[in-house]
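Descriptive analysis of the structure
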Amino acid sequence: MSDIVSVALQYEIGRARTARLRNPFFEVLAALNEAGSIAQAARDLGWSYRHLWGYLREQEGLMGRPLVLWDRGRSARLSPFAQKLLWSEARIQARLAPEIDHLAAEISRELTVAFNDALPIARCAGSHDAGLTALRTLCDADARVLVHLRLAGSVQALRERSEGHCDFAAVHLPCDRPGLAGPGSRLAKRFAALLKPGREKIIQFGRRTQGLIVASGNPLNIQGLEDVRRPELRLIGPDRHSGSRALLEDLLLQERISGRVWLRRLSSEPTSLAVAAAVASGQADLGFGTQAAAQAMGADFIAVVQERGFLVCDKAALESPAGEALLTVLRSAAWRKALSGLAGHDAQDAGEVRSLKRTLPWQLNDG
């Protein structure tokens with residue numbers, strides 16, 4: 001397959017648009033799948049019928065497999081192979097879209113500095129979360145601060161902040177359920193050495209809901225975490241180094257579900273979007289991720305836990321021009337509107353500055 005796949009990267013300077021990974025071949029397949037006929041797909045694409053018909057024949061020759069079923073008396077439709085290609089493309093997008101966003105942010109940061117040295121830059125690291133992407137987009141539009149967002153799990157983000165690679169580390173924690181994240185929990189153990197009560201502040205930027213991702217219509221009648229015990233289910237979840245993985249392990253322990261029951265059956269993906277894509281495409285039966293990711297991939301969702309999102313920083317970063325600009329954005333009506341548009345997200349208490357000691361009392365056993 002590698003001999004028919006090539007990658008070319010380019011970017012443009014101009015009006016900001018959403019970064020995306022584009023392939024015209026898959027746009028054609030998607031148009032035909034949506035339209036249900038070559039004639040309508042051609043109109044939707046702005047092509048002639050003859051041009052689209054010839055293009056599909058050419059691609060079938062290249063692939064060595066049929067892409068379209070041309071049964072007499074029926075409208076042309078995608079073959080099972082073409083349907084699988086579309087699902088593969090959805091998974092590719094889910095896996096790589098965050099990296100493309102990160103690359104676009106890197107380029108934007110460098111060029112913005114060149115055009116406007118007075119614009120403060122908030123260097124952030126954080127998990128692959130739709131809320132953080134929305135914050136970066138809003139800050140870019142607001143033109144008060146540029147958010148340079150490096151995508152990383154919560155644990156890695158905190159490490160990067162402690163090493164001086166960023167000023168703000170975004171983390172998500174189930175603060176409203178202290179019993180879940182209490183002393184001895186995997187979450188507490190994972191974050192204890194990386195958070196410094198008394199030296200660091202946290203800014204709440206919103207809340208999100210995590211839970212179980214199942215196929216549309218829930219054909220396997222999955223009801224909750226206890227279904228992890230069903231041996232026939234193919235499980236998929238967060239990367240083992242992420243905070244979300246620690247949260248999942250704590251949730252299962254709370255349900256008294258031993259790791260021996262599920263660990264060998266669990267595959268992992270780096271983002272909730274990729275988890276949702278795997279479930280939606282039939283590659284897995286039950287996933288753990290965010291409600292926003294499930295909705296984006298057309299999967300169903302069973303809520304399990306709500307997390308609060310925080311930006312961890314020190315006092316100097318909080319009082320910097322970038323920090324003050326971030327607080328202004330987070331306390332704005334525009335931010336509440338932006339976050340409320342994402343499934344399972346809201347901006348409750350956004351912009352509130354808290355101490356670690358007041359917010360995370362379970363964290364203080366180690367001093």
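Residues numbered from 1 in each chain as written. Predicted model: local features only at pLDDT ≥ 70, side-chain atom pairs only at ≥ 80, totals over all residues. Heavy atoms only, no water.

Quick look at the overall build of the protein now. When its secondary structure is counted, the protein shows 15 helices and 12 strands. Counting only contacts in the protein whose residues sit at least 6 apart along the sequence, the fraction spanning at least 24 positions is 75%. Within the structure as shown, the protein displays about 18,700 Å² of accessible surface, and the carbon and sulfur contribution to it stands at 50%. (Helix = DSSP H or I, 4+ residues; strand = E, 2+ residues; numbered from the N terminus. Contact = heavy atoms within 4.5 Å. Areas by Shrake-Rupley, 256 points an atom, 1.4 Å probe, with all protein chains shown as cover.)

With respect to the helices and strands, the residue Gln210 is situated in strand 6 (residues 200-214). Within polar-contact distance, the side chain of Gln210 engages the side chain of Glu307 at 3.0 Å. (Polar contact = N/O pair within 3.5 Å; in protein donor to acceptor, adjacent residues only side chain to side chain.)

Let us look at the pairing of strand 7 (residues 235-238). Note: strand 7 against strand 8 (residues 266-269), four bridges, orientation parallel. Considered in strand 8, the bridge of Gly237 is made with Ser268. The pairing of strand 7 with strand 9 (residues 286-290) spans two bridges and is parallel. Residue pairing in the sheet places Leu235 in a bridge with Leu286 of strand 9. (Pairing = 2+ DSSP bridges.)

The next subject is the packing of helix 1 (residues 24-35) against helix 3 (residues 49-63). One way to put it is that helix 1 packs onto helix 3 with a least axis distance of 12 Å and a crossing angle of 120°. Classified by the angle their axes make, helix 1 and helix 3 are oblique. Helix 3 is crossed by helix 1, and the crossing has left-handed handedness. Along the contact surface, helix 1 presents Pro24, Phe25, Val28 and Leu32, while helix 3 presents Leu52, Tyr55, Leu56, Gln59 and Met63. Residue composition of the contact of helix 1 with helix 3, by class: eight nonpolar, one polar and no charged. (Axes fitted to C-alpha atoms, helices over the stretch in contact; angles between N-to-C directions. Parallel < 35°, antiparallel > 145°, perpendicular 65-115°, else oblique. Left-handed = near helix turned anticlockwise from the far one by under 90°. Nonpolar A, V, L, I, M, F, W, Y, C, P; charged D, E, K, R; others polar.)

The subject of this paragraph is the nonpolar core. One broad rule of soluble globular proteins: the nonpolar side chains tend to lie buried together. Grouped together as the largest cluster of nonpolar side chains are 38 residues, with contacts concentrated most on Leu158, Phe191 and Leu286. Counting residues per element, the ones that place at least two in this core are helix 6 (154-162), strand 5 (168-173), helix 7 (186-192), strand 6, helix 8 (243-254), strand 9 and strand 10 (300-314). The biggest single contributor to this core is helix 8, with five residues. Not counting residues up to four positions away in its chain, the partners in contact with Leu158 are Ala169, Val171, Phe191, Leu194, Leu195 and Val312. Within the second largest apolar cluster, 29 residues are counted, among which are Leu151, Cys313, Val329 and Leu339. (Core = buried A, V, L, I, M, F, W, Y, C linked by side-chain atoms within 4.5 Å. Buried < 20%, exposed > 50% of the residue type's maximum accessible area, 1.4 Å probe, protein only.)

Going through the model one piece at a time under the given rule, you end up with 17 salt bridges. For Glu60, the salt bridge identified is with Arg57, shortest N-O distance 3.1 Å. Placement of both Glu60 and Arg57 in helix 3 is noted, with a separation of three residues, approximately one turn of the helix. For Arg57, a relative accessible area of 38% gives the class partly exposed. (Salt bridge = Lys/Arg side-chain N within 4 Å of Asp/Glu carboxyl O.)

Even without being a glycine, Asn218 presents a positive backbone phi close to 50°. Looking at the element boundaries, Asn218 is found in the loop between strand 6 and strand 7. Non-glycine residue Asn221 carries a positive phi angle of around 55°. Its location among the elements puts Asn221 in the loop between strand 6 and strand 7.

Along the chain, the position of Arg208 falls in strand 6. Judged by relative accessible area, Arg208 falls into the buried class, the value being 4%. Not counting residues within four places of it along the chain, the set of residues in contact with Arg208 comprises Ser127, Asp129, His172, Ser244, Thr290, Val305, Gln306, Glu307, Gly344 and His345.

With respect to the element layout, Ser88 can be found in helix 4 (residues 80-115). Residue class for Ser88 comes out partly exposed when judged on its relative accessible area of 38%.

When pLDDT is averaged along the protein, the result is 85, and 88% of the positions lie at 70 or above. Here residues 363-367 is modelled with pLDDT under 50, and outside its nearest four sequence neighbours on either side it reaches eight contacts, counting other chains as well. (pLDDT = per-residue confidence, 0-100.)

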